[in-house]
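# Structural overview
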Amino acid sequence: MADFCSEDGVSRTISETPPTHYTLKIQSLSLLKKNNVEKYSSPYFEAGGYKWKLVFHPNGNKNKNAEGKHVSVYLMMAEASSLVPAGWEVHAVFRLFLLDQNNDNYLVLQDTTFQKGRRFHAMKVEWGFDRFISQEDFNNQENGYVVDDICVLGAEVYVCQEKFKGRGDCLSMVKVPISYKHAWKIDKFSSLAADCEDSKTFMAGEHKWKIQVYPKGKGSGTGSHLSLYLALAEPSSLSQGSQIYAEFTLRILEQQVNATHYIRKANYWFSGSHTFCGWPRFISIGYFSLPGAGFLVKDTCVIEAEVTVHGATTNNII
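Residues numbered from 1 in each chain as written. Predicted model: local features only at pLDDT ≥ 70, side-chain atom pairs only at ≥ 80, totals over all residues. Heavy atoms only, no water.

## As for the overall build of the chain
For clarity, the cut-off: Secondary structure elements are taken from DSSP: a helix is a run of H or I of four residues or more, a strand is a run of E of two residues or more, and numbering for both begins at the N terminus. Only the C-alpha atoms count toward the radius of gyration. The rule for a globule is 2.2 Å times the residue count to the power 0.38. In this scheme, a residue with accessible area under 20% of its type's maximum is buried, one over 50% is exposed, and one in between is partly exposed, where area comes from a 1.4 Å probe on protein chains only. The contact definition used throughout considers only heavy atoms, calling two residues in contact when any of these lie within 4.5 Å. Each accessible area is a Shrake-Rupley result for a 1.4 Å probe, and residues are judged covered by the shown protein chains and nothing else.
A tally of regular secondary structure across the chain gives three helices and 22 strands. The C-alpha radius of gyration of the chain comes to 32 Å, more than 25% above the 20 Å expected for a compact globule of 318 residues. Out of the 318 residues in the chain, the part that is buried amounts to 43%. Expressed as a percentage of contacts within the chain between residues at least 6 apart in sequence, the contacts between residues at least 24 apart total 68%. Summed over all atoms, the accessible surface of the chain reaches about 16,900 Å², with 48% contributed by carbon and sulfur.

Below you can see the structure in the form of structure tokens.
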């Protein structure tokens, strides 16, 4: 192998030895550009116990200011999202190849910046070379890289270190949150026998919720107040450590002309261990039952929840 250029942490060599792990032959290369194929990802190949792909930008990676000037080639870890446990990372030394079909040898590029290899993980699954070779050199027939509209790429990948860092979390906030309303009509309120009554499940912000009412009160409100809560309907479905940040309003609707509803508002981080939020002393039983108040009419009341999910923290691989 002959080393003819090394700059900017990139070693460029000439080798007569074919790539050990993968070879990709691209026919009708010009049709990629003609059909506006900016990027081609190869089928996966295996090396070092993992699956990989070659990613080829025939006209250069426009996101790296290489479009029209260079050919860009990268190594990508395939099916990275399926790897467990959370927090995995793989360090790999790799070399990418381009066949000189005139001289039957290869231009080989290797990143020499990190001796222990590049770190692949869920947030960074791709490494390689934005400026693998200039368009001028690539398309010059005397160089042999494109012959009869064919080019041949290759890869060698050597995994040198594997780490698993444990759990990671990702907080995602909603730029334009949407408010969801759910009304719950309760007939024969005075006949409710259970300590707690649940509304039907409703959706808000891709999560299932329910309203909970304690007709005879709960905690500090027992015997004197109606207690009212917003609760996650399926908290067991949340992964460990997941949280949901919600702004919510609970209302007991005044059913007469004035429509002066009884309202309380709160913000709360809901999770698998903090599944509900509300007020043990939401409204006194005496005021709620007062005929002129309009909250309990013909033994019927209407409770409304308005929920806006602003963000969520979920387990994530980092």
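## Points about the UniProt feature "domain: MATH" (unreviewed entry) in the chain
We count it as follows: UniProt positions are given in the numbering used here, feature names are shortened, and annotations may be inferred rather than shown by experiment.
Sites flagged by UniProt as "domain: MATH" (unreviewed entry) map to residues 19-157 and 179-307. Helix makes up 4% of residues 179-307 and strand 50%, whereas the separation of the span's terminal C-alpha atoms amounts to 6 Å.

## Some details on the layout of surface pockets
For clarity, the threshold we go by: Grid points spaced at 1 Å over the protein atoms alone were grouped into cavities, where a 1.4 Å probe fits but cannot get out, and pockets, open sets with protein on both sides within 12 Å along at least five of seven lines, with lining residues defined by an atom within 4 Å of a point. Grid points are joined across faces, edges and corners, and a volume is the space filled by probe spheres set on the points. Residues are grouped as follows: Ala, Val, Leu, Ile, Met, Phe, Trp, Tyr, Cys and Pro are nonpolar; Asp, Glu, Lys and Arg are charged; all remaining types, including Gly, are polar.
Within this model, the second largest pocket holds a volume of roughly 210 Å³. Together, Ser-172, Val-174, Val-176, Pro-177, Ile-178, Tyr-180, Gly-205, Glu-206, His-207, Val-309, Gly-311 and Ala-312 line the second largest pocket. If one sorts the elements of the lining of the second largest pocket by residue count, strand 22 (residues 301-316) sits on top with three residues. Split by residue class, the lining of the second largest pocket holds seven nonpolar, four polar and one charged.

## Considerations on the packing of aromatic side chains
The geometry of an aromatic ring pair is captured by the separation of the ring centres together with the interplanar angle, meaning the angle of the planes. Operational definition: Working definition: rings of Phe, Tyr and Trp (its six-membered ring) pair if their centres are within 6.5 Å, and the pair is stacked with planes under 30 degrees apart, edge-to-face with planes over 60 apart, and tilted otherwise. We call a charge positioned above a ring when the Lys NZ or Arg CZ atom is no farther than 6 Å from the ring centre and deviates by at most 35 degrees from the ring normal.
For the structure shown, the criterion picks out 20 aromatic pairs. Here the aromatic rings of Tyr-268 and Phe-270 are separated by 4.9 Å at their centres, their planes lie at 80°, and the arrangement is edge-to-face. Take Phe-270: its relative accessible area is 0%, and that puts it in the buried class. Every member of this aromatic cluster is reached through a ring pair, and the members are Trp-209, Phe-248, Tyr-262, Tyr-268, Phe-270, Trp-279, Phe-282, Tyr-287 and Phe-295. Sitting over the ring of Trp-127, Arg-118 keeps its end group 4.0 Å from the ring centre. In this arrangement the basic side chain of Lys-124 is found over the ring face of Trp-127, its NZ or CZ atom lying 4.5 Å from the centre.

## Things to note about the domain arrangement of the chain
The figure often quoted for interface size is the accessible area lost as the parts come together. Filter applied, for reference: In this document the domain limits rely on a domain assignment from an automatic tool or a database.
Its domain assignment divides the chain into domain 1 (10-164) and domain 2 (170-314). Using only C-alpha atoms to locate each centre, domain 1 and domain 2 end up separated by 55 Å.

## Examining the pattern of salt bridges
Where we set the bar: Each salt bridge in this description consists of a side-chain nitrogen of Lys or Arg and a carboxyl oxygen of Asp or Glu lying within 4 Å of one another.
Taken as a whole, this structure holds eight salt bridges when the rule is applied. For Arg-95, the salt bridge goes to Glu-156, with nearest N and O atoms at 2.5 Å. Placement of the pair is Arg-95 in strand 8 (residues 88-100) and Glu-156 in strand 12 (residues 151-164), with a sequence separation of 61 residues. According to the relative accessible area criterion, Arg-95 is buried, its value standing at 18%. A salt bridge links Glu-234 to Lys-208, with the shortest nitrogen-to-oxygen separation between them at 3.3 Å. Here Lys-208 lies in strand 17 (residues 207-214) and Glu-234 lies in the loop between strand 18 (225-232) and strand 19 (243-252), a separation of 26 residues in the sequence.

## What about the confidence of the model for the chain?
Put simply, the rule is: A score between 0 and 100, pLDDT records how confident the predictor is in each residue.
When the pLDDT values of the chain are averaged, the result is 89; 92% of them are 70 or greater. For the chain, per-element mean pLDDT is lowest for strand 1 (residues 2-7), which scores 49, and highest for strand 18, which scores 98.

## Brief notes about the environment of Gln-101
Residue position: Gln-101 is located in the loop between strand 8 and strand 9 (105-111). Note on Gln-101: relative accessible area 28%, which makes it partly exposed. Through-space distance from the C-alpha of Gln-101 to that of Asn-143 is 8.2 Å; in sequence the pair is 42 residues apart. Not counting chain neighbours up to four residues away, the residues in contact with Gln-101 comprise Gly-144, Tyr-145, Val-146, Val-147, Ile-150 and Cys-151.

## Looking at the pairing of strand 6 (residues 50-57)
We count it as follows: In this description, strands pair whenever DSSP reports at least two bridges between them.
Across the eight residues of strand 6, six count as buried, placing the element largely inside the fold. Strand direction decides the pairing type here: strand 4 (residues 40-41) and strand 6, joined by two bridges, are antiparallel. Directly across from Ser-41, in strand 6, lies its bridge partner Val-55. Linking two consecutive strands that pair antiparallel, namely strand 5 (residues 45-47) and strand 6, is a turn of two residues; a positive phi of about 65° is found at Gly-48 within it. As judged from the six bridges shared by strand 6 and strand 7 (residues 70-77), these two strands associate in the antiparallel manner. Paired with His-57 across the bridge in strand 7 is Ser-72.

## Digging into the nonpolar core
Keep this limit in mind: Within this scheme, the nonpolar core is defined by two criteria: the residues are buried Ala, Val, Leu, Ile, Met, Phe, Trp, Tyr or Cys, and they are joined through side-chain atoms within 4.5 Å.
Residues Trp-52, Phe-56, Leu-96, Phe-132 and Phe-138 are the most contacted members of the largest nonpolar core, which totals 36 residues. Per-element accounting of this core gives the leading share, six residues, to strand 8. With residues near it in sequence (within four places) discarded, Phe-132 still touches Arg-12, Val-71, Ser-72, Val-73, Leu-96, Phe-97, Leu-98, Leu-107 and Leu-109. Ranked by size, the runner-up nonpolar core spans 34 residues in total, among them Leu-192, Val-213, Leu-228 and Phe-248.

## Side note on the side chain of His-225
As a reminder of what qualifies: In the analysis that follows, any N or O atom pair within 3.5 Å is treated as a polar contact, provided that within protein one partner can donate a hydrogen and the other can accept it, and provided that, for residues neighboring in sequence, both atoms belong to side chains.
Mapped onto the secondary structure, His-225 falls in strand 18. Taking relative accessible area as the criterion, His-225 reaches 13% and is therefore assigned buried. Reaching out from His-225, the side chain makes a polar contact with the side chain of Ser-224 at a distance of 2.8 Å. Apart from the residues lying within four places of it in its own chain, the contact partners of His-225 are Tyr-214, Pro-215, Lys-216, Gly-217, Pro-280, Arg-281, Ile-283, Ser-284 and Ile-285.

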